[in-house]
Amino acid sequence: MSNRMLYAGLAIISAVVFMAIFAPFIAPYDPTKSTGDVLQPPSAEHIMGTDNLGRDIFSRVVYGARVVLIVVFSASLLSMLVGVPLGLISGYYGGKLDRVLSMIMDSLYAFPSLILAIAIAAVLGPSVFNAMVAIAVVYIPTYFRMIRGQTLSIKTRLFVEAAKVSGASNARILRKYIFPNVATTVIVVFSLSVADAIITEAGLSFLGFIVTAPTPDWGFDLSSGKPYLPAGYWWMITFPGLMVMLLSLGFALVGEALSEKYLAREER
């Protein structure tokens, strides 16, 4: 079952990444320009229909993948690069540093991720870079808590004690003995945090904190299509919403599959 989940998740992610990379060759129309067909339902000419300005929704979905992937991957990498070292240092050294860092991270973790991201983005202002920073800050505590817990357990093991006795420096112990044993956890947390970050990115974009018209983005297109839903123009929000759900599902499947494999290995 874990292998099936992994392959299914990787297939979804690969398809979206392929779509984003080769968007100019896949999209049949310019996503920012009108085709002249306003509010047309899905058809052979426009497989996902057109929006209120006559723009092809399929083309906007294809190009919108670029913004989503850039923001989500950059934010997740940034949060990992900050959260993992802090978790290693806090768990290994302990003491006052551990208590201060834990208090800060617990305070951040107490806020719902989307609410915290909105608050940070509102302070920084709407832009792609600021959205990356806002999302990254939200997920730093997740990496910190997981890595700190793992480090607290690993630092008491015999091979770490042996490294200390042999004269290895703290930096070497963290780099050569502890980090390799938490690397699997980092990969699992990364996959699951990306899945959640996709939803957060869509929420920020929906509220106008990432891109402005006419830049294509799934969350922004959801916001643009929302007023037209009561009139029966369902396709304006259906397809961008499906893409958000599908990509998030892909990363969630990968994360769950890796988590099951990791737990199975630990039990053995």
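Asks: When you look at the overall build of the chain in this model, what are you seeing that I'm missing?
Replies: Secondary structure assignment for the chain yields ten helices and zero strands. Dimensions of the chain, computed from the C-alpha atoms along their principal axes, are close to 75 × 40 × 30 Å. Looking at the chain as a whole, 45% of its 268 residues qualify as buried. Taken as a whole, the chain presents about 13000 Å² of accessible surface, with 67% of it coming from carbon and sulfur. Taken together, the 19 basic and 16 acidic charged side chains of the chain have centroids lying 15 Å from each other.

Asks: I tried to follow the pattern of salt bridges on my own but got confused; where do I start?
Replies: A side chain with one charge can pair with a side chain of the opposite charge if their charged atoms come near. If you walk through the whole model with that rule in mind, you get four salt bridges. Of the charged contacts in the structure, one is a salt bridge between Asp221 and Arg60, with a shortest N-O distance of 2.9 Å. With Asp221 in helix H9 (residues 218-225) and Arg60 in helix H3 (residues 57-93), the pair connects residues that are 161 residues apart, well separated along the chain.

Asks: Could you clarify how one ought to interpret the nonpolar core in this entry?
Replies: One broad trend across soluble globular proteins is that nonpolar side chains are buried collectively. Counting 71 residues, the largest nonpolar core has Val16, Ile178, Leu204, Trp218 and Leu247 as its most contacted members. The element best represented in this core is H3, accounting for 15 residues. Ignoring any residue separated from it by four or fewer positions in sequence, one finds Trp218 in contact with Val16, Met19, Val61, Gly64, Ala65, Val68, Pro240, Met243, Val244 and Leu247.

Asks: Help me out: how do you make sense of the packing of H3 against helix H8 (residues 170-206) in this one?
Replies: Helix packing geometry: the angle between the two helix axes and the distance between the axes. At a closest axis distance of 8 Å, the pairing of H3 and H8 adopts a crossing angle of 145 degrees. As H3 runs across H8, the sense of the crossing is right-handed.

Asks: What should I look at first to understand helix H4 (residues 95-109) in this one?
Replies: Within an α-helix, residues lying three or four positions from one another point in the same direction, as the helix has 3.6 residues per turn. In this model H4 runs 21 Å from its N-terminal to its C-terminal C-alpha over 15 residues, within 8% of the 21 Å that 1.5 Å per residue would give. Residues of H4 that are buried: Asp98, Leu101, Ser102 and Met105. An end-on view of H4 places all buried positions within 105 degrees of arc, on one side of the element. Opposite the buried face of H4, by more than 90 degrees, sit the exposed residues Lys96, Arg99 and Met103. Looking at the buried side of H4, the elements it contacts are H3 and helix H6 (128-154).

Asks: Is there a simple way to explain the side chain of Asp56 in this structure?
Replies: Relative to the assigned elements, Asp56 resides in the loop between helix H2 (23-26) and H3. Arg60 provides the closest opposite charge to the buried, unpaired Asp56, separated from it by 9.1 Å.

Asks: Help me understand the packing of helix H1 (residues 2-21) against H3, please; the structure alone is not making it clear to me.
Replies: As a packed pair, H1 and H3 sit with axes 8 Å apart at the nearest point and diverge in direction by 105 degrees. Taken together, the axes of H1 and H3 lie roughly perpendicular to each other. Residue-level inspection shows Val16, Val17, Met19, Ala20 and Ile21 of H1 in contact with H3, the latter providing Val61, Val62, Ala65, Arg66 and Leu69. For the contact of H1 with H3, the residue count by class is nine nonpolar, no polar and one charged.

Asks: Would you mind showing me how to read the packing of aromatic side chains here?
Replies: To describe a pair of aromatic rings, one takes the distance between the centres and the angle between the planes. Evaluated as defined, the whole model comprises eight aromatic pairs. Between the aromatic rings of Phe22 and Phe25, the centroid separation amounts to 6.5 Å while the plane-to-plane angle is 50 degrees, which identifies the pairing as tilted. Since its relative accessible area comes to 35%, Phe22 is described here as partly exposed. Here a set of aromatic residues connected by ring pairs shows up, and it is made of Tyr233, Trp234, Trp235 and Phe239. Positioned above the aromatic ring of Tyr109 is the side chain of Arg145, whose terminal nitrogen or guanidinium carbon lies 4.1 Å from the ring centre.

Asks: Please clarify how the side chain of Ser76 should be interpreted in this entry.
Replies: Position of Ser76 relative to the elements: it lies in helix H3. For Ser76, a relative accessible area of 3% gives the class buried. Excluding its chain neighbours within four sequence positions, the residues that come into contact with Ser76 are Tyr143, Phe190, Ser193, Val194 and Ala197.

Asks: Sorry if this is basic, but what is going on with a nonpolar patch on the surface here?
Replies: On the surface, Phe18, Ile21, Phe22 and Phe25 cluster together into a nonpolar patch covering about 470 Å² of accessible area. Checked against the element boundaries, Phe25 lands in helix H2. Judged by its relative accessible area of 71%, Phe25 falls in the exposed class.

Reading guide: rules and limits
Starting from 1, residues in each chain are numbered consecutively following that chain's sequence as written. With pLDDT at 70 or above as the cut-off, local features in this predicted model cover only qualifying residues; side-chain atom pairs require 80 or more to be listed or tallied, and sums for whole chains, interfaces and linings still use all residues. Side-chain descriptors were evaluated using all non-hydrogen atoms of the structure, hydrogens and water having been removed beforehand. Helix numbering and strand numbering both begin at the N terminus, where a helix is a DSSP run of H or I of at least 4 residues and a strand a DSSP run of E of at least 2. Each residue gets one of three labels from its accessible area relative to the maximum for its type: buried under 20%, exposed over 50%, partly exposed in between, using a 1.4 Å probe on protein chains only. Accessibility throughout is a Shrake-Rupley quantity obtained with a 1.4 Å probe, and a residue counts as covered only by protein chains that appear here. None of His or the chain ends enter the tally, which takes Lys and Arg as positive and Asp and Glu as negative. Charge positions come from single atoms, namely NZ of Lys, CZ of Arg, CG of Asp or CD of Glu. When a carboxyl oxygen of Asp or Glu lies within 4 Å of a side-chain nitrogen of Lys or Arg, that pair is called a salt bridge. Side-chain atoms within 4.5 Å are what join buried Ala, Val, Leu, Ile, Met, Phe, Trp, Tyr and Cys residues into a set we call a nonpolar core. Only heavy atoms enter the contact rule, under which two residues are in contact if any of them lie within 4.5 Å. In this description, a line fitted to the C-alpha atoms serves as the axis of each element, helices being fitted only across the stretch in contact, and the angle between N-to-C directions of two axes falls anywhere from 0 to 180 degrees. In a left-handed crossing the near helix is turned counterclockwise from the far helix by less than a right angle, and in a right-handed crossing that turn is clockwise. In this scheme, a helix's expected span is set at 1.5 Å multiplied by one less than its residue total. An arc is given here, and it is the one of the directions from the helix axis to the C-beta atoms. For this classification, under 35 degrees means roughly parallel, over 145 means roughly antiparallel, 65 to 115 means roughly perpendicular, and everything else is oblique. Any residue that is not Ala, Val, Leu, Ile, Met, Phe, Trp, Tyr, Cys, Pro, Asp, Glu, Lys or Arg is counted as polar, Gly included; the first ten are nonpolar and the last four charged. Ring geometry is summarised as follows: Phe, Tyr and Trp rings, the Trp one being its six-membered ring, pair when their centres sit within 6.5 Å, and such pairs are stacked at plane angles under 30 degrees, edge-to-face over 60 and tilted between the two. Think of it as a cone above the ring: NZ of Lys or CZ of Arg counts as a charge over the ring if it is within 6 Å of the ring centre and within 35 degrees of the ring normal. Candidates for patches are residues over 30% relative accessible area with no salt bridge; among them, like charges are joined within 9 Å and nonpolar side chains (Val, Leu, Ile, Met, Phe, Trp, Tyr) within 5 Å.

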